[in-house]
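Residue strings, one per chain:
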Amino acid sequence: MISAGRWAAGPRVVAALAVLTCVPLQLARTDAPSEPPTLPRESRVPGGIAILDLGAGERSPGDVIFNDHRAPVLRRPEGWVALVGIPLDASPGPHAALLRPANDAPARRLAFTVAPKKYDEQRLKVAEKRHVDPLREDLERIARERVRIDAALGHYSTEFTPQFALQPPVPGRRSSSFGLRRFFNDQPRNPHTGMDIAAATGTPIVSPAPGRVLDTGDFFFNGNTVFVDHGLGVVTIYCHLDRIDVKAGDTVDTGTPLGQVGATGRVTGAHLHWGVAVNRALVDPALFLPEER
Ligand SMILES: [Zn+2]
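Residues numbered from 1 in each chain as written. Predicted model: local features only at pLDDT ≥ 70, side-chain atom pairs only at ≥ 80, totals over all residues. Heavy atoms only, no water.

Peer 1: Mind laying out the overall build of the protein chain, listing which residues take part and the relevant values?
Peer 2: For the protein chain, the helix and strand inventory stands at three helices and 21 strands. By residue count, 50% of the 293 residues in the protein chain fall in the buried class. Looking at the protein chain alone, contacts between residues at least 24 apart form 69% of all its contacts between residues at least 6 apart. Accessible surface computed for the protein chain: about 14,000 Å², of which carbon and sulfur atoms make up 53%. (Helix = DSSP H or I, 4+ residues; strand = E, 2+ residues; numbered from the N terminus. Buried < 20%, exposed > 50% of the residue type's maximum accessible area, 1.4 Å probe, protein only. Contact = heavy atoms within 4.5 Å. Areas by Shrake-Rupley, 256 points an atom, 1.4 Å probe, with all protein chains shown as cover.)

Peer 1: Describe in detail the sheet that holds strand β7 (residues 108-114), supporting the description with residues and values.
Peer 2: Within the open sheet, the four strands sit side by side as β3-β2-β6-β7. Their pairing is antiparallel. Of all strands in the sheet, those with a lone pairing partner are β3 (69-71) and β7, marking the two edges. The sheet shows a mean angle of 40° between the axes of neighbouring strands, direction not considered. Where strand β2 (residues 63-66) meets β3, three bridges bridge the pair, whose relative direction is antiparallel. (Pairing = 2+ DSSP bridges. Axes fitted to C-alpha atoms, helices over the stretch in contact; angles between N-to-C directions.)

Peer 1: So what about the pattern of salt bridges? Which residues, and what values?
Peer 2: In a structure, side chains of opposite charge can pair up when their charged atoms sit close to one another. Following the criterion strictly, the structure yields 17 salt bridges and no others. Of the charged contacts, one joins Arg70 and Asp63 as a salt bridge, the two residues approaching to 3.1 Å between their closest N and O atoms. Here Arg212 ties to Glu159 by a salt bridge, and the two come within 2.5 Å at their closest N and O atoms. Of this pair, Arg212 sits in strand β14 (residues 211-219) while Glu159 sits in the loop between α3 (136-153) and β9 (173-174), and the two are 53 residues apart along the sequence. Residue Glu159 is classed as partly exposed on the basis of its relative accessible area, which comes to 27%. Look at the salt bridges and you will find they share partners, linking Glu121, Arg123, Lys125 and Asp186 into a network. (Salt bridge = Lys/Arg side-chain N within 4 Å of Asp/Glu carboxyl O.)

Peer 1: Could you give me a rundown of the coordination of the zinc ion, with the residues and numbers involved?
Peer 2: Looking at the zinc ion, one finds its protein donor set to be His192 (NE2), Asp196 (OD) and His273 (ND1), positioned 2.0 to 2.1 Å from the metal centre. Written as a sequence motif, the donor residues of the zinc ion are H-x3-D-x76-H. Taken together, the positions of Asp196 in strand β12 (residues 195-198) and His273 in strand β20 (residues 271-278) put the pair 77 residues apart, joining distant regions of the chain. (Donors = N, O, S within 2.8 Å, 3.2 Å for Na, K, Ca; no water.)

Peer 1: Could you give an account of the confidence of the model for the protein chain, naming the residues involved and the relevant values?
Peer 2: Low pLDDT means the predicted atomic positions in that stretch should not be read closely. A residue-level look at the protein chain finds 88% of positions with pLDDT of 70 or above and a mean pLDDT of 87. Under a pLDDT of 50 for its full length, residues 1-33 has, in the predicted model, 46 contacts with residues more than four places off or in other chains. (pLDDT = per-residue confidence, 0-100.)

Peer 1: How would you sum up the packing of aromatic side chains? Please name residues and give values.
Peer 2: Summed over all chains, the structure comprises five aromatic pairs. For the pair Tyr119 and Phe178, a centre-to-centre distance of 6.0 Å together with 80° between the ring planes defines the contact as edge-to-face. Separated by 59 residues along the polypeptide, Tyr119 in the loop between β7 and β8 (121-124) and Phe178 in the loop between β9 and β10 (181-184) bring together distant segments of the chain. Accessibility classification places Tyr119 together with Phe178 in one group, the buried group. Centre to centre, the rings of Phe219 and Phe227 are 5.9 Å apart; their planes meet at 75°, and the pair counts as edge-to-face. Here the two residues Phe219 and Phe227 agree in accessibility, since each one is buried. (Phe/Tyr/Trp six-rings, centres within 6.5 Å; stacked < 30°, edge-to-face > 60°.)

Peer 1: Explain the side chain of Arg70 residue by residue, including any values.
Peer 2: In this structure, Arg70 sits in strand β3. Arg70 sits in the buried class, given a relative accessible area of 13%. Engagement of the side chain of Arg70 in a polar contact is seen with the side chain of Asp63, the distance being 3.1 Å. Within the structure, Arg70 has its side chain in polar contact with the side chain of Tyr156 (distance 3.3 Å). (Polar contact = N/O pair within 3.5 Å; in protein donor to acceptor, adjacent residues only side chain to side chain.)

Peer 1: Kindly report on the sheet that holds strand β5 (residues 79-85), identifying the contributing residues and their values.
Peer 2: The sheet built from three strands is open, its strands ordered β1-β5-β4 with antiparallel pairing. Since the sheet does not close on itself, it has two edges, and those belong to β1 (49-55) and β4 (73-76), each with one partner. Each neighbouring strand pair of the sheet contributes to a mean axis angle of 30°, computed without reference to strand direction. The pairing of β1 with β5 spans six bridges and is antiparallel.

Shown next as structure tokens:
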């Protein structure tokens, strides 16, 4: 658990970065990558990712903003691209991200179309009634935690250039549970914004990419939770842990243990809930993993 003071520094850091719209550090890093960053699979649906072509050139074309959050801009051998995370609640139809050039050139709309996708329903029985109908004191806690979760998922840093081809954080059977429209004890609740991976309590969870731990804590619905920043607006979240093995500020590498699988928070049994946010939008983690055969 981190102190409130430490957490309060987060938004100020983000604000400071936002002022430096053409961050020279970022240009230095992305102008001369040793390996071109890998890309996720593209899927222009709610909960998917749009890969937008920004053209060739030596210098970064600028910042790309979608839903008030900066999207990752990467240099590939074929040119610059923006990876735009599309939230689950995005309406199908025309959308546009905004390209803000680093020079004084006017901003440019990057139009794309979101195709409809109908996710299945899921009905779950939760033994702890309070996790379905929270008490008044729980609602205050939930509201506080929502602010904290929002800050972590919306974090943007230029510390890392993310890779988008990831290994699963735990071995185990992946469910295709992302996007499910959920009913807990027959009551409609928010859709499922991550991937559940079945694994026994105590199974080690490892970071699927380099990054820095943004926050950890015990959350009402998510149980013991870890947030990891991978840079350029890519943040991963790990929920329901039995044990947390890292703390805010820790740097992690691919394979660094983050904690152990558990059944804390609103769960029906032990599993890892894994989420991936891109420009604050929680998108389908399966887009980053090798395809299962
Ligand atoms: Zn889940």
